[in-house]
Amino acid sequence: MNIAHAAHYLDDAARNAKAVEQMSTSAPFSVGDAYRIQRASIERRKQRGERTIGVKLGFTSRAKMIQMGVDSLIWGWLTDAMLEEEGAPVDLGRYIHPRVEPEVCFLTKRDIDRPLTALEAHSYLEAVAPAMEIIDSRYEAFRFSLEDVIADNCSSAGVVIGAWSRDFEGIRNAGVQMRFDGRDVQVGSTGAILGDPLRSIVQASRVVAAASVVLPAGSLIMAGAATAAVALEPGLHVQCVISGLGQAEFTTTRQA
Ligand code: OOG
Ligand code: MG
């Protein structure tokens with residue numbers, strides 16, 4: 001596997017919003033190489049002026065593992081270019097085949113530079129918010145192996161974050177609704193995320209420490225979707241409501 005070549009291939013697919021063939025079907029590669037490709041593609045983004053603002057976890061719920069047929073926890077990078085303004089129109093033109101999923105987002109207040117225990121996790125957090133991730137696999141038909149999706153920065157494409165709160169207890173087992181135009185399209189519980197979304201902090205600390213990365217204070221951590229993801233189309237009002245925590249919303253458009 002040529003790491004730089006693969007990173008270029010996936011980065012171009014993202015920039016041009018044009019799907020490409022899965023890589024692992026023609027040339028299998030390791031999970032280690034997949035993370036090397038991911039890292040190299042993030043370096044390309046940084047060279048264009050993007051800034052990393054945190055990390056996201058994937059496949060932290062059964063619903064997501066079943067939907068995508070992958071059952072290992074994965075992680076990827078979030079950059080400032082992925083932030084979509086909450087409450088505002090999102091232009092789907094820069095996406096290939098976007099899907100939205102309901103998530104919980106954490107904001108850290110201390111550097112994370114080692115594996116944390118569940119008891120410590122709390123003291124590393126500044127705030128929590130209802131959020132949505134817009135995922136957009138760069139692979140045709142949204143189909144991939146574990147290695148493919150890691151190399152593709154775990155389908156990361158867009159993030160919408162609602163109002164911040166400090167109610168870390170209230171999010172442990174809260175009802176989750178994803179709504180399109182006021183209709184529920186997915187319902188679930190934050191408890192579906194690793195049994196407790198606060199565990200995503202423990203998991204995130206483990207994966208970054210294993211990669212010898214320090215996650216600076218002020219980083220975002222997306223805990224992973226509580227339900228399966230739903231395909232987006234233009235002209236929708238999209239809302240994620242988390243009981244007791246609040247909501248995040250956006251509308252979709254497609255500019256010609
Ligand atoms: C991979 C990303 C998974 C999550 O929240 O589980 C993910 C994908 O489903 O394309 O973001
Ligand atoms: Mg996600």
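Structure's up top.
All of these numbers come straight from a predicted model, not from anything done at the bench.

## Section: the overall build of the protein
Item 1. Summing up its helical and strand segments, the protein has 6 helices and 12 strands in all.
Item 2. Along the longest, intermediate and shortest principal axes, the C-alpha atoms of the protein span 45 × 45 × 35 Å.
Item 3. Every one of the 256 residues in the protein was classed for burial, and the buried ones make up 53%.
Item 4. Excluding contacts between residues fewer than 6 apart, the proportion of contacts in the protein whose partners are at least 24 apart in sequence is 76%.
Item 5. Within the structure as shown, the protein displays about 10,600 Å² of accessible surface, and the carbon and sulfur contribution to it stands at 49%.
Item 6. For the protein, the distance from the average site of its 26 positive side-chain charges to the average site of its 31 negative ones is 3 Å.

## Comments concerning helix 6 (residues 199-210)
Item 1. In this model helix 6 runs 17 Å from its N-terminal to its C-terminal C-alpha over 12 residues, within 8% of the 16 Å that 1.5 Å per residue would give.
Item 2. Looking at helix 6, one finds that the buried residues are Ser200, Ile201, Val202, Ala204, Ser205, Val207 and Val208.
Item 3. Where helix 6 is buried, its residues meet strand 1 (52-58), strand 2 (74-79), strand 4 (99-108), helix 4 (118-121), strand 5 (125-135) and strand 9 (220-222).
Item 4. A positive backbone phi angle near 55° is found at Ser212, which sits one or two residues after helix 6.

## So, the pattern of salt bridges
Any two side chains of opposite charge can pair, on the condition that their charged atoms come close.
Item 1. Taken as a whole and assessed by the stated rule, the structure comprises 16 salt bridges.
Item 2. Lys56 is paired through a salt bridge with Glu133; the nearest N and O atoms lie 2.8 Å apart. Placement of the pair is Lys56 in strand 1 and Glu133 in strand 5, with a sequence separation of 77 residues. Each of the two residues, Lys56 as well as Glu133, counts as buried.
Item 3. Put simply, Asp11, Asp12, Arg15, Arg44 and Arg48 are held in one network by salt bridges that share partners.

## Here we look at the coordination of the magnesium ion (ligand 2)
Item 1. Within the protein, the magnesium ion (ligand 2) binds to Glu101 (OE), Glu103 (OE) and Glu133 (OE); these donor distances fall in the range 2.0 Å.
Item 2. Each donor residue of the magnesium ion (ligand 2) belongs to the same chain, with the gaps between them written as E-x1-E-x29-E. Of this pair, Glu103 sits in strand 4 while Glu133 sits in strand 5, and the two are 30 residues apart along the sequence.
Item 3. A residue is classified by how much of its surface remains accessible, and Glu103, at 1% relative accessible area, is buried.
Item 4. Given a relative accessible area of 0%, Glu133 falls into the buried group.

## As for the nonpolar core
Item 1. Ranked by internal contacts, the top residues of the largest apolar core, which has 72 residues, are Phe106, Met132, Leu232, Val238 and Phe250.
Item 2. If we ignore the near neighbours within four places in the chain, the residues touching Leu232 are Leu92, Pro98, Arg99, Val100, Ile134, Phe180, Val238, Phe250 and Thr252.
Item 3. Among the nonpolar cores identified, the runner-up in size contains 12 residues, and Cys105, Leu107, Val159 and Met222 belong to it.

## Side note on the site of ligand 1
Item 1. In the region of ligand 1, 17 residues are neighbours, and Phe59, Lys64, Glu101, Ser155 and Ala225 sit closest.
Item 2. Between ligand 1 and Glu133, the relevant distance is 2.9 Å, taken from an oxygen atom to a side-chain nitrogen or oxygen of the residue.
Item 3. Here an oxygen atom of ligand 1 and a side-chain polar atom of Ser155 are 2.7 Å apart.
Item 4. The fraction of the free accessible surface of ligand 1 (320 Å²) that becomes covered by protein chains is 100%.
Item 5. Going through the elements one at a time, strand 1, helix 3 (62-68), strand 4 and strand 5 are the ones with two or more residues in the shell around ligand 1.

Basis of the calculations
Numbering of residues starts from 1 in each chain and follows the order in which that chain's sequence is written. By the order in which they are written, chains take letters starting at A while ligands take numbers starting at 1. Where totals are concerned, whole chains, interfaces and linings use all residues; where local detail is concerned, this predicted model gives features only for residues with pLDDT of at least 70, and gives and counts side-chain atom pairs only at 80 or more. Side-chain metrics rest on all non-hydrogen atoms present in the structure, leaving aside hydrogens and water. To qualify as a helix, a DSSP run of H or I must reach at least 4 residues; to qualify as a strand, a run of E must reach at least 2; elements of each kind are numbered from the N terminus. Think of it in three bands: residues with accessible area under 20% of the maximum for their type are buried, residues over 50% are exposed, and the middle band is partly exposed, with areas taken using a 1.4 Å probe on protein chains only. The contact definition used throughout considers only heavy atoms, calling two residues in contact when any of these lie within 4.5 Å. Exposure was quantified through the Shrake-Rupley algorithm and a 1.4 Å probe, taking into account, for residues, occlusion by the shown protein chains and nothing else. The positive count covers Lys and Arg only, the negative count covers Asp and Glu only, and His and the chain ends enter neither. Charge placement uses NZ in Lys and CZ in Arg. For Asp and Glu, CG and CD serve respectively. Every helix has an expected span of 1.5 Å times one less than the residues it contains. Salt bridge criterion: a side-chain nitrogen from Lys or Arg within 4 Å of a carboxyl oxygen from Asp or Glu. Donor atoms (N, O, S) are those found within 2.8 Å of the metal centre, with the cutoff raised to 3.2 Å for Na, K and Ca; water is not part of the atom list, so apparent gaps in a site can occur. The set of buried Ala, Val, Leu, Ile, Met, Phe, Trp, Tyr and Cys residues whose side-chain atoms join them within 4.5 Å is what this entry labels a nonpolar core. Put simply, a residue is near a molecule or strand once any heavy atom of it comes within 4 Å of that molecule or strand. Think of a polar contact as two N or O atoms within 3.5 Å of one another; within protein, one of them needs to be a possible hydrogen donor and the other a possible acceptor, and neighboring residues in sequence only count if both atoms come from side chains.

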